[in-house]
Amino acid sequence: MKNAKFYTLLALLLMAGGVTMQAQEYPQDLDVIYRSDSVYVVTVRSIDENTFLAFGGTHAGSRIIMKMTYDGEILDSIGLPVTRMEGWRHGNFINGKFRYASFGLEENDTLPLLCVVDVDLEDLSLTYTGYDWEGLDFNHPSQTFLYTNMIYSVFSKDGSLTISYPVDSLWMIDQKESMHLVKFDNEGNLVKERVFQDFKATLTNFFFSAPDSLGYRIILANPNHYAFDCHTLDADLNTLSIVQDAGLVYYSTPHILNYPCYCISEAPCLVNLNPYNGRSYSIGSESLAEDKSEMDVVMGVYDEDFNQLGWSWGLTNPRGNDEGFGMCFGANGEIYMLGWMDIRTNTKPENMYVGLVDEDLNKLSEIYYIPQDYFVGPLDIAACPTGGCIVCANRLEISTDQADYCIFRITPEDFLNVEEAHSHGFAVATAYPNPGEDVLNIKTGLMDARVEVYDLNGKLICKQEITENVTSINADGWPSGTYIWKVIANGLEAESGKWIKE
């Protein structure tokens, strides 16, 4: 084993010399703390009560890390080499720095194929530690694009790094795949290896920390039927236990018959340990409609043995697209779930959904960002230490076809106070599908409320109490046309909108 080599990033700042920061050129408002038409943000991570890290890049190919305040002020930024794949999403705070894995994408890269990057939280200086990847049966990321979505890195509290990835020589044999786990100590020396063979090919796997923070969990597809098994491992990668059919539930909702639901599935999904309570949580997208026409955000919660304790669902993009979701954990036990909603067409914008749930996934509140002039695609979410969260997203202005990138600051009051939510540009209830046919669904986190539906002449068509997260109204027999719906809470109109019956 080669000795680990250390690299510092003094010259790499020059690589980002062409980056132009646009954030301060835009007028700031209450709901958007950062906007740029050139620098996009794909991942956000809170540092403390005052600052957070924003990870992204530019259309020119540069990559960048920014240190920002929750008011959107950019305190510092640093450029990154463009020839590497950065594992920001799987990074962790260790010894006062943010640490993530980085993979080279070109043979002539001046850094080793595998590096661990430590980001100094004070001045954003970077330290690269090269790890010896030689002989580990790994196909170069530039050769197999699928691998870039299948590499998971876990940093333990002792500084060790463990990575899961598909075994190159055993890739897709008889429609089965194999996963390789490799563990490095804090100095970059290889200390453990293990291969899981002959699992059903799903083009993905999930690898994350177990509650003791020195063990691991890997979720792999069962080779015999459509289900996923969770393997809990100790620090030496030995199997401690296996939970079969992880994340499988049966459910009944107001708009669905009893049907199997997979909180963990082959669709893109996140499974992470909540550091505040020792439970694990999954979030992904699943079709909750029998005709598979809609995709919904589905969350699951699991105890320390990975037995499922409960599940919940929100809204995501009904196009059948399984992207645009996320979750984060607040220090006070709150959990935020993120998703797209509504159909993207030339005349109807995409909207953003954020749900607030407790550690058991009981709904506390839901808010919806419903812009009139933009398509919005949420990318990532991070909880703020003082409460609430930030969301990074891309936007497309409908009239000009111009794109920009933004970060939303969502305060605790946005979730708990209707007026605050409205002042920050959020709604507290939404109607779907819209347009619809025989069923009008009103989704809201408001309780002790009712929904009223009027025709355009002001005639009351329907009045129904809200007793569930989704109130389904039978619109069969209503004439086609436009209707006005209102949600009344505490004697006041909390939200309203138009619904079109086709």
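Everything quoted here is computed from the prediction, not taken from an experiment. (Residues numbered from 1 in each chain as written. Predicted model: local features only at pLDDT ≥ 70, side-chain atom pairs only at ≥ 80, totals over all residues. Heavy atoms only, no water.)

*Asks:* Got a sec to walk through the overall build of the protein chain? Specific residues and values, please.
*Replies:* Scanning the protein chain from terminus to terminus reveals two helices and 40 strands. Looking at the protein chain alone, contacts between residues at least 24 apart form 50% of all its contacts between residues at least 6 apart. Summed over all atoms, the accessible surface of the protein chain reaches about 21,100 Å², with 46% contributed by carbon and sulfur. (Helix = DSSP H or I, 4+ residues; strand = E, 2+ residues; numbered from the N terminus. Contact = heavy atoms within 4.5 Å. Areas by Shrake-Rupley, 256 points an atom, 1.4 Å probe, with all protein chains shown as cover.)

*Asks:* Go over the pairing of strand β22 (residues 269–273), please, and point to the residues and values.
*Replies:* A large share of β22 lies buried, amounting to four of its five residues. Between the end of β22 and the start of strand β23 (residues 280–286), which pair antiparallel, lie six residues, with G278 showing a positive phi angle near 80°. (Buried < 20%, exposed > 50% of the residue type's maximum accessible area, 1.4 Å probe, protein only. Pairing = 2+ DSSP bridges.)

*Asks:* How would you explain the sheet that holds strand β28 (residues 351–357) if you had to name every residue and give the values?
*Replies:* Taken in spatial order, the five strands line up as β26-β27-β28-β29-β33 in an open sheet, and their pairing is antiparallel. Pairing within the sheet leaves two strands with one partner each, and these edge strands are β26 (325–329) and β33 (426–427). Examined bridge by bridge, β26 and strand β27 (residues 335–341) share five bridges and lie antiparallel to one another. Looking at β27, one finds that G326 is bridged to L338.

*Asks:* Give a description of the sheet that holds strand β39 (residues 481–489) that names residues and reports values.
*Replies:* Overall, antiparallel pairing links the four strands, which are arranged β37-β36-β39-β40 in an open sheet. Looking along the sheet, the strands with just one partner apiece sit at the ends: β37 (460–466) and β40 (492–501). Across the sheet, the axes of successive neighbouring strands diverge by a mean angle of 20°, strand direction being ignored. (Axes fitted to C-alpha atoms, helices over the stretch in contact; angles between N-to-C directions.)

*Asks:* Describe in detail the environment of Y100, supporting the description with residues and values.
*Replies:* One can find Y100 in strand β9 (residues 97–104). Taking the C-alpha atoms as reference, Y100 lies 5.4 Å from V117; in sequence the two are 17 residues apart. Residues within four places of Y100 in sequence aside, it is in contact with I65, L80, E86, G87, W88, G91, C115, V116, V117, V119 and F155.

*Asks:* An account of the state of the cysteines is needed here, citing residue identities and associated values.
*Replies:* With the rule as written, the count across this model stands at zero disulfides. With no disulfide of its own, C384 has C389 as its nearest cysteine by sulfur position, at a separation of 6.5 Å. In this structure C384 comes out as buried when scored by relative accessible area, which is 3%. (Disulfide = S-S within 2.5 Å.)

*Asks:* Break down unusual backbone geometry for me, with residues and values.
*Replies:* The general pattern is negative phi for most residues beyond glycine and trans for most peptide bonds. Even without being a glycine, D245 presents a positive backbone phi close to 50°. With a phi close to 55°, N490 is a non-glycine residue in the positive phi region. You can see N490 is positioned in the loop between β39 and β40.

*Asks:* Report on the packing of aromatic side chains, specifying residues and quantitative values.
*Replies:* In total, this model carries 21 aromatic pairs according to the counting rule given. A connected cluster of aromatic rings, assembled from ring pairs, spans F55, W88, F93, F98 and Y100. Across from the ring centre of W313, 5.2 Å away, lies the NZ or CZ of K443, which sits over that ring. (Phe/Tyr/Trp six-rings, centres within 6.5 Å; stacked < 30°, edge-to-face > 60°. Lys NZ or Arg CZ within 6 Å of the ring centre and 35° of its normal.)

*Asks:* Quick rundown of the pattern of salt bridges? Include the residues and the values.
*Replies:* By the definition in use, this model includes nine salt bridges. Of the charged contacts, one joins D380 and R89 as a salt bridge, the two residues approaching to 3.8 Å between their closest N and O atoms. Of the two residues, D380 sits in strand β30 (residues 374–383) while R89 sits in the loop between β7 (84–86) and β8 (92–94), which places them 291 residues apart along the sequence. For R89, a relative accessible area of 35% translates into the label partly exposed. The salt bridge partner of D438 is K501, with a shortest N-O separation of 3.4 Å. Placement of D438 in the loop between β34 (429–432) and β35 (439–444) and of K501 in strand β40 is noted, with a sequence separation of 63 residues between them. Relative accessible area serves as the criterion here: at 6%, K501 is assigned to the buried category. Residues participating in the shared-partner salt-bridge network are K363, E366 and K443. (Salt bridge = Lys/Arg side-chain N within 4 Å of Asp/Glu carboxyl O.)

*Asks:* Talk me through the environment of F184; I want residue IDs and the actual numbers.
*Replies:* Assignment of secondary structure puts F184 in strand β14 (residues 176–184). Its relative accessible area of 0% is what places F184 among the buried residues. Each C-alpha atom of the pair F184 and G159 lies 9.1 Å from the other, and the pair is 25 residues apart in sequence. Setting aside residues up to four positions removed in sequence, F184 forms contacts with L114, Y131, D132, W133, L136, S160, L161, N189, L190 and V191.

*Asks:* Help me get a handle on a negative patch on the surface, residues and values and all.
*Replies:* Together, D48, E49, E122 and D123 make up a region of like negative charge exposed at the surface. Topologically, D123 is positioned in the loop between β10 (114–120) and β11 (126–131). (Patch = residues over 30% accessible without salt bridge, like charges linked within 9 Å, V, L, I, M, F, W, Y side chains within 5 Å. Lys, Arg positive; Asp, Glu negative; His and termini not counted. Charge placed at Lys NZ, Arg CZ, Asp CG, Glu CD.)

*Asks:* Report on the nonpolar core, specifying residues and quantitative values.
*Replies:* By size, the foremost hydrophobic cluster in this structure holds 51 residues, and its most contacted members are I219, I264 and F306. Setting aside residues no more than four positions away along its own chain, F306 makes contact with F208, R217, I219, C230, V243, A246, I264, V271 and S280. Counting 41 residues, the second largest nonpolar core, distinct from the first, contains Y336, F426, L440 and W478. (Core = buried A, V, L, I, M, F, W, Y, C linked by side-chain atoms within 4.5 Å.)

*Asks:* Which residues make up the side chain of D380, and what are the values?
*Replies:* For D380, a relative accessible area of 7% puts it in the buried group. If near-sequence neighbours (up to four positions away) are discounted, D380 is found in contact with V42, T43, V44, R89, L338, I390, V391 and C392.

*Asks:* Explain the side chain of N222 to me, using residue names and the numbers behind them.
*Replies:* Along the chain, N222 falls in the loop between β17 (216–221) and β18 (228–233). Here the side chain of N222 touches D229 through a polar contact of 3.0 Å, side chain to side chain. With residues up to four places along the chain from it excluded, the contact list for N222 reads K200, A227, F228 and D229. (Polar contact = N/O pair within 3.5 Å; in protein donor to acceptor, adjacent residues only side chain to side chain.)

*Asks:* Mind laying out the confidence of the model for the protein chain, listing which residues take part and the relevant values?
*Replies:* Per-residue confidence for the protein chain gives a mean pLDDT of 82, with 82% of residues at or over 70. The spread of mean pLDDT over the elements of the protein chain runs between strand β1 (residues 5–8), the lowest at 36, and strand β36 (residues 449–454), the highest at 96. Here residues 1–29 is modelled with pLDDT under 50, and outside its nearest four sequence neighbours on either side it reaches 69 contacts, counting other chains as well. (pLDDT = per-residue confidence, 0-100.)

*Asks:* Report on the environment of Y250, specifying residues and quantitative values.
*Replies:* Relative to the assigned elements, Y250 resides in strand β20 (residues 248–253). Taking C-alpha positions, Y250 is 8.6 Å from Y262, a pair spaced 12 residues apart along the chain.

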